[in-house]
Amino acid sequence: MEYIGSRVINASRVTIANILADIRRLPEWNPAILSVTAVDPVALIGKPYPIRAKLPGSPTITYEQVSKDYVVWRLDGLQAHETGAWKLVSVGEHKTEVTHAITHSGAIFRLLAGAFRTVPGLRLDRLQRRAEHGQERTRPRDLNDRPEVSG
């Protein structure tokens, strides 16, 4: 099953990509993820991060791509797999059209087919609040910080 939502957010692509790639703060705006075990401030491509989620088993989330144009992750749990893709397109100065698509497979998601129709919109709501209210970075960059998405 695939579900898609889209909207214009008053923030740059880089700001939005940085929020999406901030692995440790993912549970703050994605309520399906209860916690993430990560020391990396920015998700490393290909590294599976253990999470607690509203899924059975010991799920992980693995980022497959992070750029100012596109962010993709894969969430894997017992009989439940989600690919989450975020396409970021500039539509003006500090305005970005964000399209979020989720694709589900596995027995758990087949059983719940249709229940996730509104999920992309709900995630976009939370992402929009975060991006537009300046909560991405609450302190100045430090020389010891990991690099963020640039562009």
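Further up the page is the structure itself.
Everything in this summary refers to the structure shown in the same document.

Criteria and thresholds
- Residues numbered from 1 in each chain as written.
- Predicted model: local features only at pLDDT ≥ 70, side-chain atom pairs only at ≥ 80, totals over all residues.
- Heavy atoms only, no water.
- Salt bridge = Lys/Arg side-chain N within 4 Å of Asp/Glu carboxyl O.
- Helix = DSSP H or I, 4+ residues; strand = E, 2+ residues; numbered from the N terminus.
- Buried < 20%, exposed > 50% of the residue type's maximum accessible area, 1.4 Å probe, protein only.
- Pairing = 2+ DSSP bridges.

### A closer look at the pattern of salt bridges
Where charged atoms of side chains with opposite charge meet at close range, the side chains can pair.
Here comes step 1: One pass over the full model with this rule turns up 7 salt bridges.
Here comes step 2: The partner of Asp69 in a salt bridge is Arg13, with the nearest N and O atoms 2.2 Å apart. Of the two residues, Asp69 is situated in the loop between strand E4 (60-66) and strand E5 (70-77) and Arg13 in helix H1 (residues 13-21); the sequence distance between them amounts to 56 residues.
Here comes step 3: Judged by its relative accessible area of 36%, Asp69 is partly exposed.

### A look at the pairing of E4
Here comes step 1: Sheet topology places strand E3 (residues 48-53) next to E4; 3 bridges connect them, and they run antiparallel. Residue pairing for E4: Pro50 is matched across the bridge by Thr60.
Here comes step 2: Connecting E3 to the antiparallel partner E4 that follows it, the hairpin turn spans 6 residues, and Gly57 within it adopts a positive phi of roughly 85 degrees.
Here comes step 3: Sheet analysis places E4 next to E5, joined by 6 bridges and oriented antiparallel. Bridging across to E5, Ile61 finds its partner in Leu75.
Here comes step 4: Connecting E4 to the antiparallel partner E5 that follows it, the hairpin turn spans 3 residues.

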